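Analysis of the macromolecular model
So the chains spell out like this:
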Amino acid sequence: MAGSIGASLNAPVQPVIRGFVVHLDRARDRMPQVERLMAKLPIPSEIVDAVDGSCLTDAEIDRVYRRRLHKPSYPFEMSIGEIACFLSHRKAWAAIVEQGIDAGLIFEDDVELDDSFHAAFAAAKACLKPGAFIRFPFRMGKEHGKCVLTQGDVNVIQPTRIGLGMVAQLVSRDAAIRLLAATASFDRPVDTTVQMSWLTHVSPLAVLPGGVHEISSQLGGSTIKGEKSLMERLAREVLRPLYRAKIALLSRCSI
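These lines cover the structure that appears in this document, whether it is placed above or below. (Residues numbered from 1 in each chain as written. Predicted model: local features only at pLDDT ≥ 70, side-chain atom pairs only at ≥ 80, totals over all residues. Heavy atoms only, no water.)

**Points about the sheet that holds strand E9 (residues 205-208)**
Definition in use: For two strands to count as paired, DSSP must find a minimum of two bridges between them. Helix and strand assignments follow DSSP, with helices taken as H or I runs no shorter than four residues and strands as E runs no shorter than two, numbered in order from the N terminus. Lines are fitted to the C-alpha atoms to define the axes, a helix being fitted only along its stretch in contact, and any angle between axes, read from their N-to-C directions, falls within 0 to 180 degrees. We call two residues contacting when some pair of their heavy atoms lies within 4.5 Å.
Strands sit in the order E2-E1-E3-E8-E5-E9-E7-E6 across an open sheet of eight strands; the sheet is mixed. In this open sheet, the two strands that pair with only one neighbour each are strand E2 (45-49) and strand E6 (145-151). Each strand of the sheet is rotated relative to its neighbour by a mean of 25 degrees, with strand direction disregarded. In terms of strand pairing, strand E1 (residues 17-23) meets strand E3 (residues 103-108) through six bridges, oriented parallel. Counted as the bridge partner of Ile17 is Ala103 from E3. Against the sheet, helix H5 (residues 117-126) engages E1, E3, strand E5 (133-135), E6, strand E7 (154-159), strand E8 (168-172) and E9, with an angle of about 110 degrees to E6.

And the structure:
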């Protein structure tokens, strides 16, 4: 008995991590995918009810959305869907803080896991510490940077420039607190805001391969993106690379 007690006392304390799947209630055709995703997760999980952009009032939008709030200026006006998506991720961050857990594993509801996810999650947990924000990219070859951990076939890197997309990330409670404080008002989509570590005081890591895939096209398409006119599409083709170059320069300076 004494030996078993000693072993228990010396065992490392495991962090308390909970899964959160951001899901829009009216997107009922996605519920089977949400259930499959939650069944595959190695931790207890719950649904975060996504903010429905069609239900947002002008006053609610004006309370959080401020055009050209930060530098470099974001060259596009946010859509209602993008604003709702940002508010949905803020709900997930708030849930981490309110529940007092060590971290939340946050997914959007159009994510599929592959066989490499469990190794990716284990590597991410090995890097979990106060302030950690660890992304699981769904596009390989888009992020490069210093390797901070190699575990089997998985590498965790400090990206030179943080990639786009918010399909899956492990967010520590401290990181959630910082993100909530930095984004009470916002002027650009949530993934581009997360790129701005000089604003959020959160320096995301990325685990490669992430073991996740974005499958919105198989689920009826994005619930965020809307149709844009030809002129809007042309303007984005010109302005997007200029904006990304500014972000890349500031990212290098902030490492």
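Don't stop here, the text continues.
**Here's the deal with the pairing of E1**
Defined as follows: Accessible area is worked out with a 1.4 Å probe on protein chains only. A residue is then buried under 20% of its type maximum, exposed over 50%, and partly exposed in between.
Of all seven residues that make up E1, six are buried, and the element is covered over most of its length. Where E1 lies against E2, five bridges are found, and the strand directions are parallel. Looking at the pairing, Phe20 lines up with Glu46 of E2.

**A short note on the nonpolar core**
Rules: Put simply, a nonpolar core is a bunch of buried Ala, Val, Leu, Ile, Met, Phe, Trp, Tyr and Cys residues held in one set by side-chain atoms that sit within 4.5 Å of each other.
Of all hydrophobic cores here, the largest spans 34 residues; its most connected members are Ile83, Trp93, Ile106, Phe133 and Val171. A per-element tally of this core places helix H4 (residues 80-99) first, with ten residues. When neighbours within four sequence positions are excluded, Trp93 is seen to be in contact with Phe86, Ile106, Met166, Val171, Ala176, Leu179, Leu180, Thr183 and Val190. Of all hydrophobic cores here, the second largest spans 29 residues; its members include Val21, Leu37, Ala103 and Ile134.

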